[in-house]
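Now for the letters of each chain:
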Amino acid sequence: MERQRAQWALPALAVVLVGTVAAVPATRGIDSHAQQAGARIAYVNSQFVLQQTPGYAMAESTYARELQSFQREVQRLRDQLDSNITAYQQRSIGLSQADRQAKEAEIRQMQQQLETRSNALRTRADERERELVSPLEERIKAVIEGLRAERNLSIVFDVAAPGNGIIAADRALDLTSQVVQRLRQTQQQ
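As the structure is a prediction and not an experimental result, all values here were calculated from the model. (Residues numbered from 1 in each chain as written. Predicted model: local features only at pLDDT ≥ 70, side-chain atom pairs only at ≥ 80, totals over all residues. Heavy atoms only, no water.)

Q: I'd like to hear about the side chain of Lys-103, residue by residue, with values.
A: Note on placement: Lys-103 falls in helix H4 (residues 97-150). When sequence neighbours within four positions are dropped, the list of residues in contact with Lys-103 reads Tyr-88 and Arg-91. (Helix = DSSP H or I, 4+ residues; strand = E, 2+ residues; numbered from the N terminus. Contact = heavy atoms within 4.5 Å.)

This is how it looks when you write it as structure tokens:
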């Protein structure tokens, strides 16, 4: 799902770990109060975790296959519209004013139907993506929360989140490999 989605601006199959994993505010890193209180922190790379999560490859494959089906349907409708426009342009000179207006109205109606169906399919693709990702997200959240609690961490940051503000971090604070390992262990059980 990393590849570009032809003419659709669908989000990549990504995990949004709200609550458990938070982005660092872009203005400042950890505030001095948290540092003085002895706040314990760690971080994960949610994109890497998601891609390594058992079941992700199957979810990605399923989504890509269904998205391709949606795109084929939209392309078929677009081709029909283009064909009608081309036919109209070739015959419009010989048509009466009333016939031209009727044909133009028909083309506008087809354009509206194309847009409506395209939006419906885009919405369905987004819903399907959430259906496929939600179980993975829940497992990832549970593992991260478990590690956070076990290690008595105050917060776990997501270095893959846009605008996270993290420029450099001690690799000893990286929980990514432990999260992936736990996810794999829970899958095998």
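There is more to say after this.
Q: Break down the packing of helix H3 (residues 56-91) against H4 for me, citing the residues and quoting the values.
A: Two elements in contact, H3 and H4, have axes separated by 10 Å at closest approach and are oriented at 175 degrees. The angle between the axes of H3 and H4 places the two elements in the roughly antiparallel class. By residue class, the composition of the contact of H3 with H4 is 17 nonpolar, five polar and twelve charged. (Axes fitted to C-alpha atoms, helices over the stretch in contact; angles between N-to-C directions. Parallel < 35°, antiparallel > 145°, perpendicular 65-115°, else oblique. Nonpolar A, V, L, I, M, F, W, Y, C, P; charged D, E, K, R; others polar.)

Q: Describe H4, with residues and values.
A: With 54 residues, H4 extends 77 Å from end C-alpha to end C-alpha; this agrees with the ideal 80 Å at 1.5 Å per step. Taking the largest bend as the criterion, H4 deviates by roughly 35 degrees, centred on Val-133, and proline Pro-135 comes between one and four positions later. Positive phi shows up at Asn-152, right after H4, with a value of about 55 degrees. (Expected span 1.5 Å × (residues − 1). Bend = angle between axes of the 7 residues up to and from the residue.)

Q: A description of helix H5 (residues 176-188) should follow, citing residues and the corresponding values.
A: With 13 residues, H5 extends 19 Å from end C-alpha to end C-alpha; this agrees with the ideal 18 Å at 1.5 Å per step. Lining the buried residues of H5 we find strand S2 (41-44), helix H2 (46-52) and H4.

Q: Lay out unusual backbone geometry in plain terms, naming residues and giving numbers.
A: Even without glycine at this site, Asn-152 takes up a positive phi of about 55 degrees. Along the polypeptide, Asn-152 turns up in the loop between H4 and strand S3 (155-158).

Q: An account of the packing of H4 against H5 is requested, with residue identities and associated values reported.
A: Contact pair H4 / H5: the axes reach a minimum separation of 10 Å and the direction vectors enclose 120 degrees. As the angle between them shows, H4 and H5 are arranged oblique. Seen along the crossing, H4 lies across H5 with a hand that is right-handed. The segment H4 lies against H5, with Arg-139, Ile-140, Val-143, Ile-144, Leu-147 and Glu-150 engaging Gln-178, Val-179, Arg-182, Leu-183 and Gln-187. Across the contact of H4 with H5, the residue classes break down as six nonpolar, two polar and three charged. (Left-handed = near helix turned anticlockwise from the far one by under 90°.)

Q: Requested: an account of the nonpolar core, with residues and values cited.
A: Leu-175 and Val-179 are the most contacted members of the largest nonpolar core, which totals 30 residues. Elements with a contribution of two residues or more to this core: S2, H2, H3, H4 and H5. Counting residues per element, this core draws most heavily on H4, at eleven residues. Not counting the four nearest positions on each side in its chain, Leu-175 is found in contact with Ala-42, Tyr-43, Val-44, Leu-147, Arg-151, Leu-153 and Val-156. (Core = buried A, V, L, I, M, F, W, Y, C linked by side-chain atoms within 4.5 Å. Buried < 20%, exposed > 50% of the residue type's maximum accessible area, 1.4 Å probe, protein only.)

Q: Provide a residue-level description of the confidence of the model for the protein, including the pertinent values.
A: Here the protein averages 82 in pLDDT, and 79% of its residues register 70 or above. Predicted confidence is poor over residues 1-36, with pLDDT under 50, and the contacts of this stretch with residues over four places away or in other chains come to 88 contacts. (pLDDT = per-residue confidence, 0-100.)

Q: Kindly report on the environment of Ser-118, identifying the contributing residues and their values.
A: Summarising the element assignment, Ser-118 is placed in helix H4. For Ser-118, a relative accessible area of 7% gives the class buried. Distance from Ser-118 to Leu-77, taken between C-alpha atoms, is 9.2 Å for residues 41 residues apart in sequence.

Q: So what's going on with the pattern of salt bridges? Which residues, and what values?
A: As enumerated under the stated definition, the model contains nine salt bridges in all. Ionic pairing is found between Glu-106 and Lys-103, a salt bridge with its closest N-O pair at 3.4 Å. Residue Glu-106 and its partner Lys-103 are located together in helix H4, separated by three residues, close to a single helical turn. Among the residues examined, Glu-106 registers a relative accessible area of 36% and is labelled partly exposed. Residue Lys-103 is classed as buried on the basis of its relative accessible area, which comes to 16%. (Salt bridge = Lys/Arg side-chain N within 4 Å of Asp/Glu carboxyl O.)

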